[in-house]
Amino acid sequence: MRSCATLAPFGMRRRHWLRDLIEYIPALMVVKFLGLLPRRWALRLGEGIGLLVYVGWRRLRRVGERNLELVFPHLHRAERRDLLRRVFRMLGRHLAEFSQFPKLHRENIAEVVQYAGLEHYEQAIRQGRGVLILTAHFGAWELSPFAHALYGHPLNFLVRRLDNPLLDRLIERYRTLSGNHPIDKKDAARQVLAALRRGEAVGVLMDLNTQPQEGVFCKFLGITCCTSPILTRFALRTGAPIIPGFLIWDERTRRHTLRFDPPVDLVRTGDHAQDLVVNTERLNEVIESFVRQYPDHWVWVHKRWATRPPGEPDLYG
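Just so you know, these numbers come straight off a predicted model, no measurement behind them.

Basis of the calculations
Residues numbered from 1 in each chain as written. Predicted model: local features only at pLDDT ≥ 70, side-chain atom pairs only at ≥ 80, totals over all residues. Heavy atoms only, no water. Patch = residues over 30% accessible without salt bridge, like charges linked within 9 Å, V, L, I, M, F, W, Y side chains within 5 Å. Areas by Shrake-Rupley, 256 points an atom, 1.4 Å probe, with all protein chains shown as cover. Salt bridge = Lys/Arg side-chain N within 4 Å of Asp/Glu carboxyl O. Buried < 20%, exposed > 50% of the residue type's maximum accessible area, 1.4 Å probe, protein only. Phe/Tyr/Trp six-rings, centres within 6.5 Å; stacked < 30°, edge-to-face > 60°. Helix = DSSP H or I, 4+ residues; strand = E, 2+ residues; numbered from the N terminus. Lys NZ or Arg CZ within 6 Å of the ring centre and 35° of its normal. Contact = heavy atoms within 4.5 Å. Core = buried A, V, L, I, M, F, W, Y, C linked by side-chain atoms within 4.5 Å. Pairing = 2+ DSSP bridges. Axes fitted to C-alpha atoms, helices over the stretch in contact; angles between N-to-C directions. Parallel < 35°, antiparallel > 145°, perpendicular 65-115°, else oblique. Left-handed = near helix turned anticlockwise from the far one by under 90°. Nonpolar A, V, L, I, M, F, W, Y, C, P; charged D, E, K, R; others polar. Polar contact = N/O pair within 3.5 Å; in protein donor to acceptor, adjacent residues only side chain to side chain.

Student: Would you mind going over a nonpolar patch on the surface with me for this structure?
Tutor: On the surface, Trp17, Leu18 and Ile22 cluster together into a nonpolar patch covering about 330 Å² of accessible area. Assessed through its relative accessible area of 63%, Ile22 is described here as exposed.

Student: What am I meant to see in the packing of aromatic side chains here?
Tutor: Any two aromatic rings considered together are summarised by their centre-to-centre distance and by the angle between their planes. Under the definition given, this model contains 16 aromatic pairs. Ring plane angle 70 degrees and centroid distance 5.4 Å describe the contact between Tyr54 and Phe88, whose orientation is recorded as edge-to-face. One end of the pair, Tyr54, is in helix H2 (residues 39-56); the other, Phe88, is in helix H4 (residues 77-99), with 34 residues separating them in the sequence. The rings of Phe72, Phe220, Trp298, Trp300 and Trp305 are connected pair by pair, giving a single aromatic cluster. The ring centre of Tyr54 lies 5.6 Å from the NZ or CZ of Arg61, which sits over that ring.

Student: How should the environment of Met90 be read in this particular structure?
Tutor: Of note, Met90 is situated in helix H4. Sequence spacing of Met90 and Tyr151 is 61 residues, and the spatial spacing of their C-alpha atoms is 24 Å. Ignoring any residue separated from it by four or fewer positions in sequence, one finds Met90 in contact with Gly139, Asp296, His297, Trp298 and Val299.

Student: Looking at this structure, how should I read the pattern of salt bridges?
Tutor: For side chains bearing opposite charge, pairing can occur when the charged atoms are close. One pass over the full model with this rule turns up 21 salt bridges. Glu251 serves as the salt-bridge partner of Arg254, at 2.7 Å between the closest nitrogen and oxygen. The exposure class assigned to Arg254 is buried, which follows from its relative accessible area of 13%. Take Glu251: its relative accessible area is 38%, and that puts it in the partly exposed class. Residue Arg259 pairs with Asp261 through a salt bridge whose shortest N-O separation is 2.9 Å. Residue Asp261 is classed as buried on the basis of its relative accessible area of 17%. Sharing partners across several salt bridges, the network here consists of Arg44, Glu47, Arg89, Arg93, Glu251 and Arg254.

Student: Explain the nonpolar core to me, please; I cannot follow it from the model alone.
Tutor: A general trend in soluble globular proteins is that nonpolar side chains are found buried together. Judged by nonpolar contacts, the single largest core of 53 residues is most densely connected at Leu132, Ile242, Trp300 and Trp305. Counting residues in each nonpolar core, the second largest holds 28 residues, with Leu118, Leu143, Leu247 and Phe260 among its members.

Student: Looking at this structure, I do not really get the sheet that holds strand E9 (residues 255-260). What am I missing?
Tutor: What links the strands of a sheet is backbone hydrogen bonding, and the strands pair in either a parallel or an antiparallel sense. Strand order in the open sheet formed by seven strands is E1-E9-E8-E2-E5-E3-E4, with mixed pairing between adjacent strands. Lying at the two open borders of the sheet, with one neighbouring strand each, are strand E1 (113-116) and strand E4 (181-184). Going across the sheet, the axis of each strand differs from the next one's by a mean of 30 degrees, ignoring polarity. Taken together, the three bridges between strand E2 (residues 131-135) and strand E8 (residues 242-250) define a ladder with parallel strand orientation. Residue pairing in the sheet places Ile133 in a bridge with Ile243 of E8. Helix H6 (residues 143-150) rests against E1, E8 and E9 of the sheet, and its axis sits at about 80 degrees to E9.

Student: Sorry if this is basic, but what is going on with unusual backbone geometry here?
Tutor: The phi torsion of most residues other than glycine is negative, and most of the peptide bonds are trans. At Leu221, a position not held by glycine, the phi torsion is positive, near 55 degrees. Examined against the element boundaries, Leu221 turns out to sit in the loop between strand E6 (216-220) and strand E7 (223-227). Looking at Leu221, the relative accessible area reads 3%, which means it is buried. Even without a glycine there, the phi angle at Arg254 is positive, about 60 degrees. Structurally, Arg254 is set in the loop between E8 and E9.

Student: Explain the packing of helix H9 (residues 230-238) against helix H10 (residues 272-293) to me, please; I cannot follow it from the model alone.
Tutor: In a packed pair of helices, the relevant descriptors are the angle between the two axes and the axis-to-axis distance. With their axes 9 Å apart at the nearest point, H9 and H10 run at an angle of 120 degrees to one another. Compared by their axis directions, H9 and H10 come out oblique. The handedness of the crossing between H9 and H10 comes out as right-handed. When H9 is examined against H10, the residues Leu231, Thr232, Arg233 and Leu236 are found in contact with a partner set consisting of His272, Asp275, Leu276, Asn279, Thr280 and Leu283. Here the contact of H9 with H10 is built from residues that sort into four nonpolar, four polar and two charged.

Student: Explain the environment of Glu251 to me, please; I cannot follow it from the model alone.
Tutor: By the secondary structure assignment, Glu251 is in the loop between E8 and E9. Contacts of Glu251, omitting those with residues within four sequence positions, involve Arg44, Arg89 and Arg93. At 2.9 Å, the side chain of Glu251 forms a polar contact with the side chain of Trp249. Separated by 2.7 Å, the side chains of Glu251 and Arg254 make a polar contact.

Read these as geometric descriptors, not functional statements.
So, in structure tokens, the structure goes:
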């Protein structure tokens with residue numbers, strides 16, 4: 001298509017280019033403007049932007065309402081809506097924290113992020129087999145690896161490239177300011193195995209809906225979902241410990257705590273297919289424990305249960 005000179009492909013490429021630019025310019029302006037503000041102002045404005053998105057983006061709001069209805073049917077509708085508004089505030093706050101990345105460095109990161117349970121990570125990394133960090137789209141998830149690297153612990157993390165290359169380059173430029181290395185999920189196996197052999201850490205967000213050919217069906221928040229077993233697969237193959245790492249927001253101090261928990265014990269029965277399912281569900285349970293404790297930290301606006309087992313109805317229809 002790149003070498004074809006017909007008008008139709010040219011038109012298609014031009015529309016695509018314009019669409020990318022139309023998405024990119026406002027995003028760039030918002031990130032740069034928030035980045036110019038003092039952090040406390042940026043956070044307040046970011047939270048306001050999140051609430052505006054809650055009001056204006058009806059489709060996204062409906063996904064969140066449906067997810068909360070599925071998981072918390074006992075809550076009154078007004079309670080679920082209040083929780084969803086706090087989720088959108090969190091997303092706006094996350095955007096603000098992201099915009100502040102160029103200002104962060106080793107000397108001031110403690111003003112934004114502090115540790116809890118760092119000894120679990122340090123003990124795991126000293127084993128020399130690398131570390132797999134289990135995490136999710138929870139709290140200011142981009143800030144978590146960024147802060148960890150500024151504290152002296154750079155890591156690799158899996159990413160899915162955005163369809164818009166301009167936005168993708170903008171986000172990657174900010175993500176890597178602290179020395180971290182992104183790994184494209186399409187070429188993950190070779191690079192992750194190499195990083196673990198070098199004794200490095202690899203972070204994996206494993207809370208997104210997955211297609212049947214790429215995932216396994218197991219429970220999450222009481223509902224069957226399709227989950228990628230990639231983290232389990234790497235752990236079973238290499239023996240690298242899996243350490244949960246989640247960023248928790250404190251409204252009172254307006255700071256975050258990066259919490260590491262002890263390694264997750266995996267089941268090894270010799271039945272590889274069954275071990276993938278059992279251990280992936282075990283990792284889902286870890287994420288679930290954080291989501292239930294801090295429900296306003298998780299991204300409820302994603303269709304987590306979109307892929308259904310054969311014969312089960314669509315939950316979002």
